[in-house]
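Coordinates in review
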Amino acid sequence: MPDVRVFPTPTALTQAAANLVLASAEEAVRERGRFVWGLSGGGTPEALYRKLTEPPYSTAMPWRATFVFWGDERWVPHDHPDSNQRMATEALLSHGPAARANVIPVPTENVSPDESAAAVEGALHEVFGDAPVRPDLLLLGIGGDGHTASLFPGTSALDERELLFAANWVPQMDSWRITATLSLINASRHVVFLARGSDKTDAVRLALHPAEGETPLPSALVAPDEGELTWMLDRQAASALTGGLCMTCPS
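Throughout this description, residue numbers start from 1 for each chain and increase along the sequence as written. With pLDDT at 70 or above as the cut-off, local features in this predicted model cover only qualifying residues; side-chain atom pairs require 80 or more to be listed or tallied, and sums for whole chains, interfaces and linings still use all residues. To obtain the side-chain values, all non-hydrogen atoms of the structure were included, while hydrogens and water were left out.

1. Some remarks on the side chain of Ser 219
- Looking at where Ser 219 falls in the secondary structure, it is placed in the loop between α7 (201-208) and β9 (228-234).
- A 1.4 Å probe rolled over the protein chains alone gives each residue an accessible area, and that area as a share of the maximum for its type sets the label: buried under 20%, exposed over 50%, partly exposed in between. Relative accessible area serves as the criterion here: at 1%, Ser 219 is assigned to the buried category.
- Engagement of the side chain of Ser 219 in a polar contact is seen with the backbone oxygen of Gly 146, the distance being 3.0 Å.
- Working rule for contacts: check all heavy atoms of both residues, and any pair within 4.5 Å makes them a contact. With residues up to four places along the chain from it excluded, the contact list for Ser 219 reads Ile 142, Gly 146, Thr 148, Phe 193, Ala 207 and Trp 231. Secondary structure elements follow DSSP: runs of H or I of four or more residues count as helices, runs of E of two or more count as strands, with numbering from the N terminus. Here a polar contact is taken to be a pair of N or O atoms separated by no more than 3.5 Å, where protein atoms must pair a possible hydrogen donor with a possible acceptor and residues adjacent in sequence count only if both atoms sit in side chains.

In structure tokens form, the structure reads like this:
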């Protein structure tokens, strides 16, 4: 059962998320010698990344032992305004916290989408060596249609069970996306959804309380095999939840 946490404001959500990232990193390094962290795009993660460049996080995070990758990327150059990699680089990575060699990019130029997905998967296997690929922390968002990462309703990557990363053609966007599959997401030690705002209210409700007899939203398929699942929401995003899975939601 997911742990659903509701915060009164987006600022409080960002603060709590920064504390969670730091605690996760410290635990991972203490127990396994490194912290493997999957980043997400979007406004809520961006606020988190900027918070992590401030004290005490900027000095307390074990940056040299931190490996980062992206849970999904749009098929655009890295300097494009829509690039998740550009956003995280400008908000966090360009401030020098993580070793460049520990950043796993999603190539989007001079390769095919399938080659790009394979490159990311190969790099993750190199990090883990002979051990199974199990990210310590994977951040996710949720779209108004219930998509997460770049797993959109009705797209082929939802059915992928062998690959950890896939090239996903998204007709709704008329574009390719590179995305972590459910195989990778559900292998993670801790998956954390971050969502804020009234435009996420219905999707959050349907993800946490799927309608009987209807096809579940992609975000509702996230269920870590042996890990934790946490939803961190501001009050607006959680406003349609009552009781059930959420003990701190509006009644």
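From this point on, the discussion continues.
2. Topic: the sheet that holds β9
- Whether two strands pair depends on DSSP finding at least two bridges between them. One open sheet holds the six strands; their spatial order is β1-β9-β8-β5-β2-β3, and the pairing between them is parallel. One side of each edge strand has no neighbouring strand; the edge strands of this open sheet are β1 (3-7) and β3 (66-70). Ignoring which end each strand starts from, the neighbouring axes of this sheet average 20° apart.
- Across two bridges, the pairing between strand β2 (residues 35-39) and strand β5 (residues 137-140) is parallel. Pairing of Trp 37 across the sheet is with Leu 137, part of β5. Every axis in this analysis is a line fitted to C-alpha atoms, fitted for helices over the stretch in contact. Angles between the N-to-C directions lie between 0 and 180 degrees.

3. Quick notes on unusual backbone geometry
- Of note, the bond from Pro 55 into Pro 56 is cis; its omega dihedral lies within 30 degrees of zero at 5°.
- Position of Pro 56 among the secondary structure elements: in the loop between α2 (43-52) and α3 (57-60).
- For Ala 149, which is not glycine, the phi torsion reads 50° and is therefore positive.
- Along the polypeptide, Ala 149 turns up in the loop between β5 and β6 (165-170).

4. Observations concerning the packing of aromatic side chains
- Aromatic pairs are defined between Phe, Tyr and Trp rings, using the six-membered ring for Trp, whenever the two ring centres lie within 6.5 Å; interplanar angles under 30 degrees are classed as stacked, those over 60 as edge-to-face, and all others as tilted. Tallying each qualifying case throughout the model produces five aromatic pairs.
- Measuring from centroid to centroid gives 5.9 Å for Phe 35 and Trp 37, while their planes differ by 25°, and the two rings are stacked.
- The class of Phe 35 is buried, set by a relative accessible area of 0%.
- Measuring from ring centre to ring centre gives 6.3 Å for Phe 69 and Phe 165, while their planes differ by 75°; the resulting arrangement is edge-to-face. Taken together, the residues span a long stretch of sequence, with Phe 69 in strand β3 and Phe 165 in strand β6 at a distance of 96 residues.

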